[in-house]
Amino acid sequence: MPRARGVAAFAAALALAMALFLLFPGVDLWAGGLFYRPDAGFFLAQWGPVRAIYAAVPYVVRAVIIGVPTLFALSLWRGRVLWRIDLRAAVFLLLALALGPGLL
């Protein structure tokens, strides 16, 4: 029963997000405009935390690319799943990493 509730909550959130963007198609541009100045660009671009996150992203991607297959191989070697990285999870994480940013 809890799984059905989770699926229903996900479907409701998806429907709400779809309705929001269908009813107000420019809301994403409006939200982005709150952080963008035509003369200066994104005004938080030079802020320390934003620069740190921007610099850390390539390292996080490499860690996932190396870590997920390593954890899956260790799971196979030990005979039990480590950190819930089984074959399905490993394939999903690597495909999401490749297809999500790769296509965008």
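Here the structure is a predicted model, which is why all the values come from computation and not from measurement. (Residues numbered from 1 in each chain as written. Predicted model: local features only at pLDDT ≥ 70, side-chain atom pairs only at ≥ 80, totals over all residues. Heavy atoms only, no water.)

Asker: Is there a simple way to explain the confidence of the model for the protein chain in this structure?
Answerer: In the predicted model, the protein chain carries a mean pLDDT of 91, and 97% of its residues have values of at least 70. Averaged pLDDT values for the elements of the protein chain fall to 89 in helix α4 (residues 87-103) and rise to 95 in helix α3 (residues 48-78). (pLDDT = per-residue confidence, 0-100. Helix = DSSP H or I, 4+ residues; strand = E, 2+ residues; numbered from the N terminus.)

Asker: What am I meant to see in the side chain of Ser75 here?
Answerer: Its place among the elements puts Ser75 in helix α3. The buried category is assigned to Ser75, whose relative accessible area is 6%. Only 3.0 Å separates the side chain of Ser75 from the backbone nitrogen of Leu82, close enough to count as a polar contact. (Buried < 20%, exposed > 50% of the residue type's maximum accessible area, 1.4 Å probe, protein only. Polar contact = N/O pair within 3.5 Å; in protein donor to acceptor, adjacent residues only side chain to side chain.)

Asker: What am I meant to see in unusual backbone geometry here?
Answerer: Negative phi characterises most residues that are not glycine, and trans characterises most peptide bonds. For Trp83, which is not glycine, the phi torsion reads 50° and is therefore positive. Along the chain, the position of Trp83 falls in the loop between α3 and α4. Of note in this structure, Arg84 is not a glycine but carries a positive phi near 60°. When you line up the elements, Arg84 lands in the loop between α3 and α4. With a relative accessible area of 74%, Arg84 lands in the exposed category.

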